[in-house]
Amino acid sequence: MVAYGKTLGGGMPIGAVCGRRTLMQRIDPHDPARPALGSSTSAAAPSLLGPTAAFLEFVASPTAADKYQRGAALTAKWAAETNRKLAQSALPLRVEH
């Protein structure tokens, strides 16, 4: 199971929880008359659905993995440089990536 927050809506307040069918079914298997629903004040807001659809389209694209790998490499480089500077300054801090 995974939860996505503002990334899904381009910084707008939205969230989603994704998981296997058995975890995400909308009814209680022991009491089919009892639905298991989720909602919020911004559920299905048109201003959020557009950015969310664009993000989901992007994340399924062939270029998404390359962009995420590049982002991870840049973050690792930044963390290493930051840790070097922290050590040079004798500060008891460290960035984990």
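Quick caveat: nothing in here was measured; it's all calculated off a predicted structure. Every chain is numbered on its own, with residues counted from 1 as its sequence reads. It should be noted that, the model being predicted, local features are given only for residues of pLDDT at least 70 and side-chain atom pairs only at 80 or more, the latter also being counted only at that level, while totals for whole chains, interfaces and linings use all residues. Side-chain measures here rest on the full set of heavy atoms in the structure, leaving out hydrogens and waters.

### Some points on the overall build of the protein
Put simply, the rule reads: Counting from the N terminus, the helices are DSSP H or I runs at least four residues long and the strands are E runs at least two residues long. Each residue is placed in one exposure class: buried if its accessible area under a 1.4 Å probe, protein chains only, is under 20% of its type's maximum, exposed if it is over 50%, and partly exposed if it falls in between. Between two residues, a contact is recorded if the distance between any of their heavy atoms is within 4.5 Å. Note on areas: these come from Shrake-Rupley sampling with a 1.4 Å probe, and a residue is covered only by the protein chains present in the view.
Scanning the protein from N- to C-terminus turns up three helices and four strands. Going residue by residue from the N terminus, the α and β elements of the protein occur as β-β-α-β-β-α-α. Relative to its full complement of 97 residues, the protein shows a buried share of 14%. Counting only contacts in the protein whose residues sit at least 6 apart along the sequence, the fraction spanning at least 24 positions is 24%. In the structure as shown, the protein presents an accessible area of about 7700 Å², 61% of it carried by carbon and sulfur atoms.

### A few points about unusual backbone geometry
Look at Ala90: it is not a glycine, yet its phi comes out positive at around 60°. Looking at the secondary structure, you find Ala90 in the segment after helix H3 (62–88). Taking the relative accessible area as the measure of exposure, Ala90 reaches 66% and is therefore exposed.

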